[in-house]
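Each chain, written out:
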Amino acid sequence: MKDGREKTVLVGVVTNPRDLKIALQKHWYRVPVKSAPPMLRELSVRYVAFYQNRTFGESGCQIRWYGGVAGIRIAKRRELFPKEKSHPRADDPYFRVQLTNLRELARPILSNRRRPIVFIATTTSKFLHAAEINDLFTDSPLEDELWRAFKAEGIPAERQYYVGKSPQRFALDFALFCKIQNLDVECDGDIYHADLARMRRDRKRNNILASLGWKDLHFSSNDLFKHQTETLNLIKESVNRLGGIEVAE
């Protein structure tokens, strides 16, 4: 795997040992077309890594295996599983990703909070150097900067953490789980304050999050790059007022 800045690595979820066994032994992985991420639809995936969910027990909530992509095509489920032609989704289309050069990571990429994920699109550079799931996200330079600061301060945040249920399901830039009330930290950027429509949408979003028990803080690029110490102090003071971080089990 070569280093690079483009998003060429797709982290997908395996929800049962059978799917992982198929990937490792038969060298293919399936994703429903209706829920496929953009990079798979655009055929820009070069590597696939597998996030094993909670059904894997002690080896769950981590990435252990990855491999190259040799080809991608669409096939119905009945073609992928000929013995299950009566399955209710037998006629549903799937992306069938042909895999090559599968290998096990020397050190698994862990989810410290054992969180659920769907897909993560990341770069080879981030994948090669990641120690935990939150190191993989590539959403914005602002978020990367705050994540580096959180790590330096030992603040256990979760990036791109989903809250709520569709159609009111939101991805939080950073989620901090506190004993009294959870904290959502958002990196707005400078353009945010000139976008009235977005501000109105986010006001509605924040109201819904408040009803779900979340407190939110918003920071601009100026806050994060020029006044980072003050910003971090404000976040830490907020965490302390909310009872401190709740340790994940």
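Residues numbered from 1 in each chain as written. Predicted model: local features only at pLDDT ≥ 70, side-chain atom pairs only at ≥ 80, totals over all residues. Heavy atoms only, no water.

A. Representation of the pairing of strand E9 (residues 182–187) in the model. Where burial is concerned, most of E9 is hidden: 6 out of the 6 residues are buried. Residue alternation in E9 divides its side chains into two sets, Asn182, Asp184 and Glu186 and Leu183, Val185 and Cys187, and both sets are buried. Pairing of strand E8 (residues 168–176) with E9 involves 3 bridges; the strand directions are antiparallel. Each bridged residue has a counterpart across the sheet, and for Ala175 the counterpart in E9 is Asp184. (Buried < 20%, exposed > 50% of the residue type's maximum accessible area, 1.4 Å probe, protein only. Helix = DSSP H or I, 4+ residues; strand = E, 2+ residues; numbered from the N terminus. Pairing = 2+ DSSP bridges.)

B. Up close: the nonpolar core. With 20 residues, the main nonpolar core has Leu146, Phe150, Phe174, Leu176, Leu183, Val185 and Ile235 as its most contacted residues. When contributions to this core are tallied by element, the ones reaching two or more residues are helix H5 (141–153), E8, E9, strand E10 (214–219) and helix H8 (228–241). In terms of residue count, the dominant contributor to this core is H5 (5 residues). Here Phe174 is in contact with Glu143, Leu146, Trp147, Phe150, Ala157, Glu158, Arg159, Leu183, Asp184, Val185 and Cys187, once residues within four sequence places are set aside. Grouped together as the second largest cluster of nonpolar side chains are 18 residues, Val14, Leu40, Val45 and Phe50 included. (Core = buried A, V, L, I, M, F, W, Y, C linked by side-chain atoms within 4.5 Å. Contact = heavy atoms within 4.5 Å.)

C. The arrangement of unusual backbone geometry in detail. For His27, which is not glycine, the phi dihedral falls at a positive 65 degrees. Tracing the backbone through its elements, the reader meets His27 in the loop between helix H1 (17–26) and strand E2 (28–32). When its relative accessible area of 33% is taken as the criterion, His27 is described as partly exposed. In the Ramachandran plot, Leu43 falls in the positive-phi region, its phi being about 60 degrees despite a non-glycine side chain. Summarising the element assignment, Leu43 is placed in the loop between helix H2 (38–41) and strand E3 (47–52).

D. Representation of the side chain of Asn53. Mapped onto the elements, Asn53 comes out in the loop between E3 and strand E4 (62–76). With relative accessibility at 17%, the residue Asn53 sits in the buried group. Excluding residues that lie within four positions of it along the chain, Asn53 makes contacts with Val13, Val14, Thr15, Gly60 and Cys61.

E. A look at the packing of aromatic side chains. Counted under the stated rule, the structure contains 6 aromatic pairs. Aromatic side chains Phe150 and Phe174 sit 5.3 Å apart centroid to centroid with 85 degrees between the ring planes, which places their arrangement in the edge-to-face category. Pair noted here: Phe150 is in helix H5 and Phe174 is in strand E8, with a separation of 24 residues, a long-range link. Phe174 sits in the buried class, given a relative accessible area of 0%. Taken together through their ring pairs, the aromatic side chains of Tyr161, Phe177 and Trp214 make up a single cluster. The positively charged end of Arg113 is found above the aromatic ring belonging to Phe177, 3.8 Å away from the centroid. (Phe/Tyr/Trp six-rings, centres within 6.5 Å; stacked < 30°, edge-to-face > 60°. Lys NZ or Arg CZ within 6 Å of the ring centre and 35° of its normal.)

F. Representation of H8. An ideal rise of 1.5 Å per residue puts 20 Å on 14 residues; H8 measures up with 20 Å between its terminal C-alpha atoms. Within H8 the residues assigned to the buried category are Thr231, Leu232, Ile235, Ser238 and Val239. One face of H8 carries all of its buried residues, which in axial projection span an arc of 120 degrees. Facing away from the buried side of H8, by more than 90 degrees, are the exposed residues Thr229, Asn240 and Arg241. The inward-facing, buried residues of H8 abut H5, E8, E9, E10 and helix H7 (221–225). Downstream of H8 by a residue or two, Gly243 has a phi angle that is positive, lying close to 95 degrees. (Expected span 1.5 Å × (residues − 1). Arc of directions from axis to C-beta.)

G. Representation of the confidence of the model for the protein within the structure. Across the protein, pLDDT averages 91, with 93% of residues at or above 70. In the model of the protein, helix H6 (residues 196–211) stands out as the element of lowest mean pLDDT, 76, in contrast to E3, which has the highest, 98. (pLDDT = per-residue confidence, 0-100.)

H. Highlighting the sheet that holds E3. Strand order in this open sheet of 6 strands is E2-E5-E4-E3-E1-E6, and the pairing throughout is mixed. Lying at the two open borders of the sheet, with one neighbouring strand each, are E2 and strand E6 (120–123). On average, each strand axis in the sheet is inclined to that of its neighbour by 40 degrees, with strand direction left out of account. The strands that H1 touches are strand E1 (7–14), E2, E3, E4 and strand E5 (93–110); relative to E2, the one it contacts most, it runs at about 135 degrees. (Axes fitted to C-alpha atoms, helices over the stretch in contact; angles between N-to-C directions.)

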